[in-house]
Amino acid sequence: MNIESASRTGPRSLVADQHAISAEALRGPSYRRRTLVIFGIVSLVLLARCGGGTSQAPPPTPTISTISPNTAVADGAAFTLTINGTNFAPGSMVNFGGSTPVTTFVNSMQLTAAIPAGSIASTGTMAVTVINPAPGGTSNAINFTVTGGLNVPTISALFPSCAPAGEQFVDSVNNQLTVVGNNFVAGSVVRWNGSDRPTTGNGSINGLIAQISASDIAAAGTAAVTVFNPGPGGGNSNTSTFTITTGAVDPQSIAVDPTGKFAYVMNNGCVGGVGGYVSMYTINPATGALTSIAPPASTYGYGFYAGSVTVDSSGKFAYVTNSGDVYDYGDGADGNLAMYTIDASTGALTSTGTIDGNCPGLCFPSSVVVDPSGKFAYVANGNTPGSAGSVFMYTINSANGALTSTGSIATGTNPVFVAVDPAGKFAYVANSNSNDVSMYTINPTTGVLTSIGTIAAGTDPVSVVVDPSGKFAYVANSNSNDVSMYTINPTTGVLTSIGTIAAGTDPVSVVVDPSGKFAYVTNFSSNDISMYTINVTAGALTSIGTIATEQSPTSIAIHPSGKFAYVTNSASNDVSIYSIDGVTGALTLIGTIGT
């Protein structure tokens, strides 16, 4: 076959085009397939560069529409939670109140989560969300509610609610913490900072007793107290706070020993709680400064209302009244009279026992005093507020300080304070509810009191003192905000009124300095001390002003040297220390120390 060649620039002849075999045909089908593959790859690259492509998008943000169930009872069993919604992915995780339970992917519209029992141990609201794998997002939140069952306990009060750090006993008597509340059952357990403590009932339907160890209160701080009830329908109670204080709280009374070396403060303990303590101090004879002897000594009983502390004339024994709680019926509710020996070198107290209350006998002791001879002690006993009271009389064992009762004698209504004149011939009792002072003579051999009548005072008399000469007596009247002044008949002991003088707001304690020239009154509600000079002939007081205290002063004592005064401040839990100007009687603050 003749084939004509075509010019490079001109068209081939018709004959040649019709019969020519193309180069592509000569290469065959395998070449064509390779060409198509290469063309496809190039096309994809070009499309990708132009913004095209078919890569998979990241998971979208999930949403939750419902959860099932949406409630549970506290301390219930583990369960499976179903989450319905949209945009769930194989790696989606459920967040249940901050925890991440095991999650199962069912499909893009449903997940399940295994919720352990521990996640619903307490009542509250849990937020449920779904988190998709990165770079996904977090869903909206749906609330899951853990409700209290019929047996979920609640705490309303702790008795006591505090204790001084380093004490052996949590409640001044033993290591029994009383927890009061509701829905307690046979298996209820008190927990201290989350740890179980041995628990028993206290004989009532709303009380538990937990054994708290000395190590639990060794250091100052707080402890979280809860009650746990077993299921079903049980769970954990609300949290109540127990405070371990650096010292004792709510100081009510202060006494200085006759040598001027030591001071003692009676503290009621926590407000609304139980357990009294005595804070002990050494006194710097040059500066009057107090140094704590820690920890405080237990009074082994309630300090629910104002109590008192006194030291005998020899400086060997101390006595403290615990008022008790007339609204309770448990151990210690009747109050007691605690007895101690004093270490002559250190001032530390050692308990020698208590005389426990026995209503309607000694059940509401409020004040204790020892006569100047050191042979007799007298305790004002209020019984219950508003009722007639009495004074209990005791002889003192000179070897060990033990008290032996010699009976009681009637007073006015609700006696709160008792004082003895410097000669030990007469005793006087302030009766707060009958607004008068009961007067007595003292048998020098037996210590037995004999009534010589009463005399009117102001409104709510709460403290009485006799000056060192034995010629005058002064009574602080807390509701009439004044001081009643009296002369004393040296033969009969009968008081004669010589008028009143204004004090601050709510005067609660009155003292006279050893020289008999100055008198001082603590004013509980105005947070100050009223200062007076005494007319040594007539006994009348003349005001020389006031000086501030800390919060809610309750008691004042004068150092035997007459150089220093000490004031207990119940709300600020400390003692204010003052120097006394020997010429003017004015007080100057030296400092304070905690109780």
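Draft legend 1. Here's a closer look at the sheet that holds strand β26 (residues 349–356). Read across the sheet, four strands follow the order β23-β24-β25-β26 without closing on themselves; strand pairing throughout is antiparallel. Each of the sheet's edge strands pairs with one partner strand only, and the pair in question is β23 (309–311) and β26. Taking the axes of each pair of neighbouring strands and ignoring which way they run, one obtains an average angle of 20° across the sheet. Where strand β25 (residues 336–342) lies against β26, seven bridges are found, and the strand directions are antiparallel. Across the sheet, the residue bridging to Thr341 is Thr350, located in β26.

Draft legend 2. Layout of the sheet that holds strand β35 (residues 461–466). Pairing in this open sheet of four strands is antiparallel, and the strands run β35-β36-β37-β38 from one edge to the other. On the outer flanks of this sheet lie β35 and β38 (495–502), each paired with one strand and no other. Going from strand to strand, the sheet's axes swing by 20° on average, the running direction of each strand aside. The pairing of strand β37 (residues 482–488) with β38 spans six bridges and is classified as antiparallel. Across the sheet, residue Asp482 finds its bridge partner in β38, namely Ala502.

Draft legend 3. Structural context of the packing of aromatic side chains. Counted under the stated rule, the structure contains three aromatic pairs. For the ring pair Phe96 and Phe144, a centre distance of 5.2 Å and an interplane angle of 65° mean the geometry is edge-to-face. With Phe96 in strand β4 (residues 93–96) and Phe144 in strand β8 (residues 142–147), the pair connects residues that are 48 residues apart, well separated along the chain. Each member of the pair, Phe96 together with Phe144, is buried. Put simply, the rings of Phe79, Phe96 and Phe144 pair up and form one aromatic cluster. When the ring centre of Phe228 is taken as origin, the NZ or CZ atom of Arg191, which lies over that ring, is 4.2 Å away.

Draft legend 4. Structural context of the pairing of strand β7 (residues 124–131). Examined bridge by bridge, β4 and β7 share four bridges and lie antiparallel to one another. Following the sheet pairing, Val94 is matched in β7 by Val130. Summarising the sheet, β7 and β8 pair through five bridges and their orientation is antiparallel. Bridging across to β8, Met126 finds its partner in Phe144.

Draft legend 5. Structural detail: the nonpolar core. Judged by nonpolar contacts, the single largest core of 21 residues is most densely connected at Leu177, Val179, Trp192, Val225 and Phe242. The dominant element in this core, judged by the number of residues it contributes, is strand β16 (residues 221–229), at three residues. If we ignore the near neighbours within four places in the chain, the residues touching Val179 are Ile155, Ala157, Leu158, Phe184, Val190, Asn206, Gly207, Leu208, Val225 and Val227.

Conventions used here
Residues numbered from 1 in each chain as written. Predicted model: local features only at pLDDT ≥ 70, side-chain atom pairs only at ≥ 80, totals over all residues. Heavy atoms only, no water. Pairing = 2+ DSSP bridges. Helix = DSSP H or I, 4+ residues; strand = E, 2+ residues; numbered from the N terminus. Axes fitted to C-alpha atoms, helices over the stretch in contact; angles between N-to-C directions. Phe/Tyr/Trp six-rings, centres within 6.5 Å; stacked < 30°, edge-to-face > 60°. Buried < 20%, exposed > 50% of the residue type's maximum accessible area, 1.4 Å probe, protein only. Lys NZ or Arg CZ within 6 Å of the ring centre and 35° of its normal. Core = buried A, V, L, I, M, F, W, Y, C linked by side-chain atoms within 4.5 Å. Contact = heavy atoms within 4.5 Å.

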